[in-house]
Amino acid sequence: MLEIPPFLPFFISAVIAAVSRGSIRNVIMLATPVLSGLHLWMVPDGIHLQFDFLDYQLIPYRVDKLSLIFGYAFHIAAFIAIIYSLHVRDTLQQVTAMMYAGSAIGAVFAGDLLSLFVFWELLAFTSVFLIWARRTQRSYTAGMRYLVIQVLSGIILLVGTLFYAAENDTLAFSFIGLEGVAGWLIFISFGIKCAFPLVHNWLTDAYPEATVTGTVFLSAFTTKVAVYALARGYPGTELLVYIGAVMTCFPIFFAVIENDLRRVLAYSLINQVGFMVVGIGIGTVLAINGAVSHAFNDVIFKGLLFMSMGAVLHMTGRINGSDLGGLYKTMPKTTLLCIVGAASISAFPLFSGFVSKSMVMAAALENGYDWIWLMLLFASAGVFHHAGIKIPYFAFFAHDSGIRVSDPPNNMLLAMLIAAGLCIGIGIYPAALYSLLPYDTGYNPYDATHVLAQTQLLLFSALAFVWLNLRGMYPPELRSTNLDFDWIYRRAAPNALQSIFSFISKVDTALRQMFLVKLDQFLAFLSRRNEGTSGLLSRTYPAGSMVMWVAVILATYLFLSFIH
Amino acid sequence: MENEKPSVDKISFFDKPKNVKRILYLLYGSCVLLLALDFVIHRHVMHRWENLWGFYPLYGFVGCVVLVLVATWMRTFLMRPENYYDEDKSAVDEKPDTNVKQSAESGGHDVDA
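Just so it is clear, the structure is predicted and the values come from calculations on it, not from any experiment.

Cut-offs and rules
- Residues numbered from 1 in each chain as written.
- Chains lettered and ligands numbered in written order.
- Predicted model: local features only at pLDDT ≥ 70, side-chain atom pairs only at ≥ 80, totals over all residues.
- Helix = DSSP H or I, 4+ residues; strand = E, 2+ residues; numbered from the N terminus.
- Buried ≥ 20, exposed ≤ 12 C-beta atoms within 10 Å, placed from the backbone.
- Rg over C-alpha atoms; globule rule 2.2 N^0.38 Å.
- Contact = placed C-beta atoms within 7 Å.
- Nonpolar A, V, L, I, M, F, W, Y, C, P; charged D, E, K, R; others polar.
- Pairing = 2+ DSSP bridges.
- Core = buried A, V, L, I, M, F, W, Y, C linked by C-beta atoms within 7 Å.
- Expected span 1.5 Å × (residues − 1).
- pLDDT = per-residue confidence, 0-100.
- Axes fitted to C-alpha atoms, helices over the stretch in contact; angles between N-to-C directions.
- Parallel < 35°, antiparallel > 145°, perpendicular 65-115°, else oblique.
- Left-handed = near helix turned anticlockwise from the far one by under 90°.

## Examining the overall build of chain B
- Each helix and strand in chain B was counted, giving four helices and one strand.
- Starting at the N terminus and ending at the C terminus, chain B contains elements arranged as α-α-β-α-α.
- A buried classification covers 14% of the 113 residues belonging to chain B.

And the structure:
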C-alpha cells in the first residue's frame, strides 16, 4: 500500500494557506497536524516509499520507533504553535511555518542521507523567514547570519554524504560512527545544527530576534531534528558525552547575566539539548530512552516558556528583564502557565522534565561517568536558577514596572494551556510517554531516592537565589550585550580583516608610489646621461644635429626629384 | 494595547511584605523538612558521594552561589552597551541620531498583528 509521507500534508496546506484567507486558512492549518498525526498513529513500522536515483536507493519515508516519537512530538508542537499563532495576519509567516514543520517531519522520516540533506536545507530556508518576518534591521542581519551557518551545515552534510556513498556504497541512514572522513563531516554537520559549543551562536543570536510566534516554531524543530540525527547516526559515541556535558554547563552562566528573556531561554535550550547529547553519547538503552524522551518533553515545555515570554512581548512590546516586572497583577493566567513550564524544565517531580532528565542522569552514574554526572547535577540546579526562577521572577514579579496589560488573546492562552496540560500529564503519568520510546526499560522515575534528591537539589537552589537576593549579591538585570563566541565572527574577524586589508592597501599604495618615484628618477637619470648627445633617449638635442637632419631631408628630396 | 484595569490599583498579593515573608518561611520550612527526611528515608545510592549527609542540598546551594558569582564576574569582561553590534557603521560616521533611531527600531516590538 502506498502511504502518504507525513510531510506532504504540511506542504500542501502551506500552498493552500498561501492562497486562502481568514477562517478557511485557520481551519486548514489546524486540521493538518491533527489529521496527519492521527494518520501517523496508524502507520506500521517499515519502509513505505523508496525509489532508485542514479545508482542509489532513496528512501524518503521510513518509519521506526525512533522516528515515530519525534514525528509525534513535531505534530504536537506544530498543532500548539499553530493555535498560538492563529491571530497572526501575515501570509509569509504562516506559509513558511507550515513548510518548516513539514521539513522537520520529513527529516525524521528520511531513510537515506540524500533525502535527509534535502529536508535539512529546507529547514534552514523556511525557518529563516520566521526571523525576517519581524521586519527590523536587526532581525534581517541576525537572519542572514543564521542562514549562512545553517546552509553551511547542509553543505557539509552533502559533502559528507558523498564521501559516505563512496566509502560504503549506500546512502541508507543508519549508524554512521566517527570513522573516516564521511563520519566526521556528517558529525560536524549535525553538530552545527545541534548547537555544539563554539557553533552555538546562531541559536542565541537568531531565535530572540524572530517574531513572537516564529520563535515558538523555531524552538521546537531545528535542534530536535539534529538530536534525532545524532541519536540515529552516533549513539554510543563517547565524544558526545563530553560535548553534551559542556553544553549543559556553559550556557547557564550566560543565561544568568542575559537581559533579553527570550535569549535566556535560547541559552537554556542549548543546556537542555546538552542533556540529550549526553544521553546519546552514553548510548545505553536507558540513556537513549532518556535523550529521546527529554527531546519530546523539551519540545513542549520549552515551547510553553517561549509562548509565555512571547505573550509578554506581544502585550507589552518589551522583553528585557530590566523593563519588566509585576506583570502577575494583570496577567495572572500567563504567570501561572509560565510557572508550569518553569517547573517542567527544572524537572520538579510531577512535571514532565523530571521523568525524562532523571533517565540520563541515572545512565551517567550507571556507566561510571562520575564527573559528567556532577556536571549534569550542577546544570540541573543551574537550569532551575535561570529558567525556573529567573524567567518568571523578572517578568512577572520582581520590582513593579508599572506596566498594566491584560492576558494575551485566547488562542495564545489556549495553546499555552494545552502545553501546560501535557507537561503535567506526562509528569504524573509517564507510562504513556514511555510506551512510545524506542526501548522498553521498565524504568520508574518515582522512587523515594530520586524524588527526595531532586527536590532537595531544587529547593536549596531556590534558597540560594533567595539568599543572594536578600544579600544584594544577585546580578541586577542590566541593559547590555554580553559577548559570546559570535564576537569572533561579528567583531574580531571583520575588524581583523579590515585592518589586514587596510594594511595591504597601504603597503600597496606605498609600493606603487615608490615604483613611480623610482621610474621617474630612472628616466631623469637616463635623460641626464643623454643630455645633448643626440642619442635615442636624450631629452634635448644639439642644434647642430637638427641642421644635419634638415640637410639629410633636403638631400633626400633632391635625390627623389632627381630620379623621378 | 495597555488596558488599564481599575482593580489592579488595589494592593496586590506580593505588595504586602507579610505575604512575601510567608512564602519565604514556607521555603525555609520545606528546606529544613527535606534535610530531616535525609535521616528517615533510606536511599538506594549508586554513588558514594550520595551517601554524604546533605549532599544534594549542599551541592544545589553551593552550585548556585558559585554560578551566580562567576556569572557576575564574567560581566566585568563580557558586558558591552546594548547597541554594541548595531553601532559598527554609524559610529564611524559620528552621527548620534542614527544610533538612536536604530535602537528604537530594534527595541523589541513585534509586527505580527
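Past the structure itself, the notes keep going.
## Points about the overall build of chain A
- Looking only at helices and strands, chain A features 20 helices and three strands.
- Taken against the 2.2 N^0.38 rule, which gives 24 Å for 564 residues, the C-alpha radius of gyration of chain A at 33 Å runs more than 25% over that of a compact globule.
- When the backbone C-alpha atoms are referred to their principal axes, chain A occupies close to 125 × 65 × 55 Å.
- Taking all 564 residues of chain A together, the buried fraction comes to 54%.

## Details of the interface of chain A and chain B
- Chain A puts 61 residues into the contact, and the matching count from chain B is 51 residues.
- Residue assignment for the side of chain A that touches chain B shows that the elements contributing at least two residues are helix 6 (137-168), helix 9 (212-233), helix 10 (238-257), helix 12 (285-316), helix 14 (352-366), helix 15 (370-396), helix 18 (448-470) and strand 3 (481-482) of chain A.
- Tallied by class, the residues present in the side of chain A that touches chain B amount to 31 nonpolar, 18 polar and 12 charged.
- Summarising the sheet, strand 3 of chain A and strand 1 (residues 79-80) of chain B pair through two bridges and their orientation is antiparallel. Its bridge partner being in strand 1 of chain B, Asn482 of chain A is matched across the sheet by Met79 of chain B.

## Describing the nonpolar core
- Within the largest apolar cluster, 200 residues are counted, with the highest numbers of intra-cluster contacts made by Phe74, Ala101, Leu230, Leu304, Leu305 and Leu376 of chain A.
- Aside from chain neighbours lying at most four places away, what touches Leu305 of chain A is Leu265, Cys338, Gly341, Ala342, Ile345, Ala387 and Ile391 of chain A.

## A closer look at unusual backbone geometry
All names here are of chain A.
- Positive phi is not limited to glycine here, since Arg135 has a value of about 60°.
- Even without being glycine, Leu198 reaches a positive phi, approximately 80°.
- In this structure Leu198 comes out as partly exposed when scored by C-beta crowding, with 14 C-beta atoms within 10 Å.

## Topic: the pairing of strand 2 (residues 56-63) of chain A
All names here are of chain A.
- Where burial is concerned, most of strand 2 is hidden: six out of the eight residues are buried.
- Pairing geometry for strand 1 (residues 46-53) and strand 2, over six bridges, is antiparallel. In the strand pairing of strand 2, Asp52 is matched with Gln57.
- The turn linking strand 1 back onto strand 2 is made up of two residues, and Leu54 within it adopts a positive phi angle of 50°.

## What to know about the environment of Arg138 of chain A
- Relative to the elements of secondary structure, Arg138 of chain A occurs in helix 6.
- Along the chain, Arg138 of chain A and Ala206 of chain A lie 68 residues apart, while their C-alpha atoms are 9.5 Å from each other.

## Things to note about helix 7 (residues 180-193) of chain A
All names here are of chain A.
- Its 14 residues give helix 7 an end-to-end C-alpha distance of 21 Å, which sits within 8% of 20 Å, the value for a rise of 1.5 Å per residue.
- Every buried residue belonging to helix 7 is among Ala182, Leu185, Ile186, Phe187, Ser189, Phe190, Gly191, Ile192 and Lys193, and all of these are buried.
- On its buried face, helix 7 is in contact with helix 6 and helix 9.
- With its phi angle positive at about 65°, Ala195 sits one or two positions after the end of helix 7.

## Details of the confidence of the model for chain B
All names here are of chain B.
- Across chain B, pLDDT averages 72, with 67% of residues at or above 70.
- Per-element confidence in chain B is highest for helix 2 (residues 55-78), whose mean pLDDT is 92, and lowest for helix 4 (residues 96-105), whose mean pLDDT is 41.
- Counting interchain partners and residues more than four positions distant, the pLDDT-below-50 stretch residues 1-8 has 12 contacts.
- Every residue in residues 90-113 scores below 50 in pLDDT, and together they form 36 contacts with partners more than four places removed in sequence or on other chains.

## Describing the packing of helix 7 of chain A against helix 9 of chain A
Residues and elements named next belong to chain A.
- Running from N to C, helix 7 and helix 9 cross one another at 150°; their axes reach a closest spacing of 8 Å. Regarding the angle of helix 7 to helix 9, the classification is roughly antiparallel. In terms of crossing hand, the pair formed by helix 7 and helix 9 is left-handed. Where helix 7 abuts helix 9, its residues Ile186, Phe190 and Lys193 lie against Thr222, Thr223, Val225, Ala226, Ala229, Leu230 and Gly233.

## Brief notes about the packing of helix 18 of chain A against helix 1 (residues 17-40) of chain B
- Packing of helix 18 of chain A against helix 1 of chain B brings their axes to within 10 Å, and their N-to-C directions diverge by 140°. Two packed elements cross with a definite hand, and for helix 18 of chain A against helix 1 of chain B that hand is left-handed. Contact residues: Leu452, Thr455, Gln456, Leu459, Phe460, Ala462, Leu463 and Val466 of chain A in helix 18 of chain A; Leu24, Leu27, Ser30, Cys31, Leu34 and Leu37 of chain B in helix 1 of chain B.
- Looking at the contact of helix 18 of chain A with helix 1 of chain B, its residues break down into 11 nonpolar, three polar and no charged.

## Things to note about the environment of Leu422 of chain A
Residue and element names in this part refer to chain A.
- As for its position among the elements, Leu422 is in helix 16 (residues 410-428).
- For Leu422, a count of 23 C-beta atoms within 10 Å puts it in the buried group.
- For the pair formed by Leu422 and Phe351, sequence separation is 71 residues and the distance between their alpha carbons is 9.2 Å.

## Things to note about the environment of Thr211 of chain A
- Mapping Thr211 of chain A onto the fold places it in the loop between helix 8 (201-206) and helix 9.
- Taking the C-alpha atoms as reference points, Thr211 of chain A and Leu130 of chain A, separated by 81 residues in sequence, lie 6.4 Å from one another.

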